[in-house]
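Residue-level structure breakdown
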Amino acid sequence: MAIEHPYLLFLGDAPDQLTAKTAQGIAHWRPDWCLGQLRLEGCQADLGLPDMSLEAAKEAGARTLVIGVANRGGVFSDSWISVLEQALMLGFDIAAGLHNRLIDVPALKAVAKQHGRQLFDVRHPDREFEVASGSKRPGKRLLAVGTDCSVGKMYAALAVEKEMQARGMKVDFRATGQTGILIAGQGVSIDAVVADFISGAVEYLSPANDDDHWDIVEGQGSLFHASFAGVSMGLLHGAQPDALILCHEPTRRHMRGLPDFTLPGLQACMDANLSAARLTNPAVRFIGVAVNTSQMPESERAGYLRRLEDEFDLPSVDPFQGGVKPLVDRLQQV
């Protein structure tokens, strides 16, 4: 799916800032795509963007109303429907990454058809994929992998893309989750692809390219997460990565949502990911470690990163705190 921008970010009646995390991610990484925000009565989230009506945003050139809310249960609120209908009638497309689908709301489906507008359910692929071939294809690829889920793989990947763009390198971010798709404007939500076709979907997402072009593939889950390892494995095989970044959050006491599972050691995680990735690219290597140090005391962060660099002989950074220039320096050696 390819979603047109500029965006008007819909925050609905979000009760707090965290509920608007999808919109927050889009506003952070694609500020030039975001004209404003639309908030309903009672909304407690604020992106710092101009508050705009549908009419004002349309006049300003907005093309897509993006539902930037990740509410409890991931479902549409009945109070939103009339606003969404009005958006379609004014000429907006609508994009959402919730679990239930825009296309399954009869009123929205009918109005979209009547006015020739598109409904993008970014969590649900809009095409079928082939089984992966595993054949080598031109171009270079980096994949972010993690010791756990939700450790900053998307953030690290986007930060690397931004730094590579600043250096004039040929690069594209390839989104594999709903928030990443809304940031990139296109992609495949890998967790909604039937298992046999995950690797094939990643081959489709990151096709053959120029020899000096890099695809930065958004990672998902972890090989060590009992719930999501299957998606992680499919990404490793389909991305056929030349380079890997290990993403880690060092203060967690157990895997996210799995209190009976401790986090793996970093070396064990690297070894497992390299072993799996070598099936489709024997030359794969790690080029660095990206650490989310936000939960560590500030006085301990720099020392922790230095210890990782000494242990693994790899640049180790917090992408949010210090940027990713050392990772891209190493990537240019691949």
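Residues numbered from 1 in each chain as written. Predicted model: local features only at pLDDT ≥ 70, side-chain atom pairs only at ≥ 80, totals over all residues. Heavy atoms only, no water.

The chain is annotated in an unreviewed UniProt entry as DUF1611 domain-containing protein from Pelagibius litoralis.

**Considering the overall build of the chain**
On a plain count of helices and strands, the chain comes out with twelve helices and eleven strands. A compact globule built from 334 residues should have a C-alpha radius of gyration of about 20 Å, and the chain, at 20 Å, falls within 12% of that. A burial count over the chain gives 54% of its 334 residues as buried. Taking the contacts inside the chain whose residues are at least 6 apart along the sequence as the reference set, 76% of them involve residues at least 24 apart. For the chain, the exposed surface amounts to about 15000 Å²; the carbon and sulfur share of it is 49%. Across the chain, the mean location of the 31 positive side-chain charges is 3 Å away from that of the 41 negative side-chain charges. (Helix = DSSP H or I, 4+ residues; strand = E, 2+ residues; numbered from the N terminus. Rg over C-alpha atoms; globule rule 2.2 N^0.38 Å. Buried < 20%, exposed > 50% of the residue type's maximum accessible area, 1.4 Å probe, protein only. Contact = heavy atoms within 4.5 Å. Areas by Shrake-Rupley, 256 points an atom, 1.4 Å probe, with all protein chains shown as cover. Lys, Arg positive; Asp, Glu negative; His and termini not counted. Charge placed at Lys NZ, Arg CZ, Asp CG, Glu CD.)

**Things to note about the sheet that holds strand S3 (residues 64-67)**
Pairing within the open sheet is parallel, and its five strands lie in the order S2-S1-S3-S4-S5. The open sheet has two edge strands with one neighbour each: strand S2 (34-39) and strand S5 (119-121). Each strand of the sheet is rotated relative to its neighbour by a mean of 20 degrees, with strand direction disregarded. Lying on the sheet, helix H3 (residues 81-90) is in contact with strand S1 (7-12), S2, S3, strand S4 (93-96) and S5; it crosses S3 at an angle near 160 degrees. (Pairing = 2+ DSSP bridges. Axes fitted to C-alpha atoms, helices over the stretch in contact; angles between N-to-C directions.)

**Considerations on the packing of helix H8 (residues 229-239) against helix H9 (residues 266-277)**
Following both chains from N to C, one finds H8 and H9 inclined at 50 degrees, their axes separated by 9 Å at the closest point. When the interaxial angle is binned, H8 and H9 end up oblique. Two packed elements cross with a definite hand, and for H8 against H9 that hand is right-handed. On H9, the residues touching Met-233, Leu-236 and His-237 of H8 are Asn-273, Ala-276 and Ala-277. Its residues placed into classes, the contact of H8 with H9 shows four nonpolar, two polar and no charged. (Parallel < 35°, antiparallel > 145°, perpendicular 65-115°, else oblique. Left-handed = near helix turned anticlockwise from the far one by under 90°. Nonpolar A, V, L, I, M, F, W, Y, C, P; charged D, E, K, R; others polar.)

**Some words on the nonpolar core**
By size, the foremost hydrophobic cluster in this structure holds 48 residues, and its most contacted members are Leu-9 and Val-160. Top contributing element to this core by residue count: helix H5 (residues 153-166), with six residues. Not counting residues within four places of it along the chain, the set of residues in contact with Val-160 comprises Ile-216, Ile-245, Val-324, Leu-327, Val-328 and Leu-331. Among the nonpolar cores identified, the runner-up in size contains 34 residues, and Val-193, Ala-276, Ala-277 and Phe-312 belong to it. (Core = buried A, V, L, I, M, F, W, Y, C linked by side-chain atoms within 4.5 Å.)

**Some details on unusual backbone geometry**
Pro-6 follows His-5 through a cis peptide bond whose omega is 15 degrees. With respect to the secondary-structure elements, Pro-6 resides in the segment before S1. Positive phi outside glycine occurs at Ser-150, with the angle close to 55 degrees. Position of Ser-150 relative to the elements: it lies in the loop between strand S6 (140-146) and H5. Take Ser-150: its relative accessible area is 46%, and that puts it in the partly exposed class.

**Quick word on the pattern of salt bridges**
Under the counting rule described, the total for this entry stands at 16 salt bridges. Notably, a salt bridge pairs Asp-215 with Arg-174, separated by 2.9 Å at the nearest N-O pair. Here Arg-174 lies in strand S7 (residues 170-174) and Asp-215 lies in strand S8 (residues 213-217), a separation of 41 residues in the sequence. Here Asp-215 falls in the buried class, since its relative accessible area comes to 1%. Note that Glu-249 is salt-bridged to Arg-252, the shortest N-O span being 3.8 Å. On the basis of relative accessibility, which here comes to 6%, the residue Glu-249 falls in the buried class. (Salt bridge = Lys/Arg side-chain N within 4 Å of Asp/Glu carboxyl O.)

**Side note on the environment of Pro-31**
Position of Pro-31 among the secondary structure elements: in the loop between helix H1 (21-29) and S2. Since its relative accessible area comes to 49%, Pro-31 is described here as partly exposed.

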